Amino acid sequence: QKEVEQNSGPLSVPEGAIASLNCTYSDRGSQSFFWYRQYSGKSPELIMSIYSNGDKEDGRFTAQLNKASQYVSLLIRDSQPSDSATYLCAVNRRGGADGLTFGKGTHLIIQP
Amino acid sequence: KAGVTQTPRYLIKTRGQQVTLSCSPISGHRSVSWYQQTPGQGLQFLFEYFSETQRNKGNFPGRFSGRQFSNSRSEMNVSTLELGDSALYLCASSLGQGNREQYFGPGTRLTVT
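All figures in this text were calculated on a predicted structure; none of them were measured in a lab.

What counts as what
- Residues numbered from 1 in each chain as written.
- Chains lettered and ligands numbered in written order.
- Predicted model: local features only at pLDDT ≥ 70, side-chain atom pairs only at ≥ 80, totals over all residues.
- Heavy atoms only, no water.
- Pairing = 2+ DSSP bridges.
- Helix = DSSP H or I, 4+ residues; strand = E, 2+ residues; numbered from the N terminus.
- Axes fitted to C-alpha atoms, helices over the stretch in contact; angles between N-to-C directions.
- Disulfide = S-S within 2.5 Å.
- Buried < 20%, exposed > 50% of the residue type's maximum accessible area, 1.4 Å probe, protein only.
- Polar contact = N/O pair within 3.5 Å; in protein donor to acceptor, adjacent residues only side chain to side chain.
- Contact = heavy atoms within 4.5 Å.
- Phe/Tyr/Trp six-rings, centres within 6.5 Å; stacked < 30°, edge-to-face > 60°.

Now for the sheet that holds strand β8 (residues 74–78) of chain B. Residues and elements named next belong to chain B. The strand order across the open sheet built from four strands is β1-β3-β8-β7, with neighbouring strands paired in antiparallel fashion. The open sheet has two edge strands, β1 (5–7) and β7 (64–68), and neither has a second partner. For this sheet, the mean inter-axis angle between neighbouring strands, taken without regard to orientation, is 20°. Strand direction decides the pairing type here: β1 and strand β3 (residues 19–24), joined by three bridges, are antiparallel. Bridge pairing in β3 links T5 to S24.

As used in these notes, a disulfide is a covalent bond between sulfur atoms, one from each of two cysteines. Within this structure, the stated rule accounts for two disulfides over all chains. Bridging C23 of chain A to C89 of chain A, the disulfide has an S-S length of 2.1 Å. Because the torsion about its S-S bond is -70°, the bridge between C23 of chain A and C89 of chain A counts as left-handed. Separated by 66 residues along the polypeptide, C23 of chain A in strand β3 (residues 19–25) and C89 of chain A in strand β9 (residues 85–92) bring together distant segments of the chain. By relative accessible area, which is 0% here, C89 of chain A ends up buried. Between C23 of chain B and C91 of chain B runs a disulfide, and the two sulfur atoms are separated by 1.7 Å. Looking along the S-S bond of the C23 of chain B-C91 of chain B disulfide, the torsion reads about -45°, which is the left-handed sense. Placement of C23 of chain B in strand β3 and of C91 of chain B in strand β9 (residues 87–94) is noted, with a sequence separation of 68 residues between them.

Looking at the secondary structure, you find Q37 of chain B in strand β4 (residues 31–38). Taking relative accessible area as the criterion, Q37 of chain B reaches 15% and is therefore assigned buried. At 2.9 Å, the side chain of Q37 of chain B forms a polar contact with the side chain of Q38 of chain A. Q37 of chain B has contacts with Q38 of chain A together with G42, L43, A87, L88 and L90 of chain B, leaving out every residue within four places of it along the chain.

The next point concerns the sheet that holds strand β8 (residues 71–76) of chain A. Residue and element names in this part refer to chain A. Overall, antiparallel pairing links the five strands, which are arranged β1-β3-β8-β7-β6 in an open sheet. With one partner strand each, in any of the chains shown, β1 (4–5) and β6 (54–58) form the two edges of the open sheet. Direction of pairing for β1 relative to β3: antiparallel, over a ladder of two bridges. Directly across from V4, in β3, lies its bridge partner Y25.

Each aromatic ring pair is characterised by the separation of its centres together with the angle its planes make. The full count for this structure, using the stated rule, is 10 aromatic pairs over all chains. Their ring planes at 90° and their centres at 5.6 Å tell us that F102 of chain A and Y35 of chain B sit as a pair that is edge-to-face. Of this pair, F102 of chain A sits in strand β10 (residues 100–102) while Y35 of chain B is found in strand β4, placing the two residues in two different chains. One exposure class covers both F102 of chain A and Y35 of chain B, and it is buried. Pairing F102 of chain A with F104 of chain B gives two aromatic rings, centres 6.1 Å apart and planes at 65°, and the pair type is edge-to-face. Separated into two different chains, F102 of chain A in strand β10 and F104 of chain B in strand β10 (residues 103–104) make up a pair that spans both. Accessibility assignment for this pair places F102 of chain A and F104 of chain B in one class, buried.

From the geometry alone we can't say anything about function, so treat these as descriptive.
Below, the structure written as structure tokens:
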């Protein structure tokens with residue numbers, strides 16, 4: 001079982017719609033969860049972090065965490081063509097000195 | 001604030017050689033982590049440094065090593081390069097001390113021929 005799993009996509013969403021990206025993780029001890037956006041040829045950019053169950057909103061982005069189901073999601077409202085990128089889910093498996101474990105990413109395409 | 005900087009941005013080396021990559025974290029950040037990104041394996045954790053001490057290491061051979069200086073700048077070294085070491089090497093900095101939000105630099109693209 002992979003530690004952090006994402007659907008590789010591509011996920012195609014029309015402009016203006018809501019894009020929903022999902023991620024599951026295997027380690028129940030995971031404490032910190034992050035979403036990164038990576039444009040082709042660029043490095044990952046942190047867009048959201050979430051640490052407790054529930055929703056966290058930042059502009060057009062909402063991160064959702066359900067630790068019981070070991071599930072993290074990212075919603076992008078009013079999707080724009082500029083949102084087209086690969087979205088990486090990352091998990092900090094322990095609260096201390098441990099690196100982030102990344103999923104392989106979901107390729108999102110926003111169709112004008 | 002300036003972001004994370006990495007040098008060099010591109011590097012071409014020959015099998016058997018060694019290479020040193022450099023990373024300067026965001027001002028005030030004391031933790032530096034290194035990752036390797038390849039199309040097949042994705043982003044994989046190499047190691048993390050905080051206050052000049054390696055806090056944790058990923059599942060990579062001993063040919064991969066690193067260090068951190070008193071100004072938080074970090075270097076990683078890969079010895080006896082193999083073709084499979086061709087990758088994008090990313091450095092990320094964070095405040096440390098439990099703050100796990102990591103900010104990535106632009107990366108160093110290493111090609112081994």
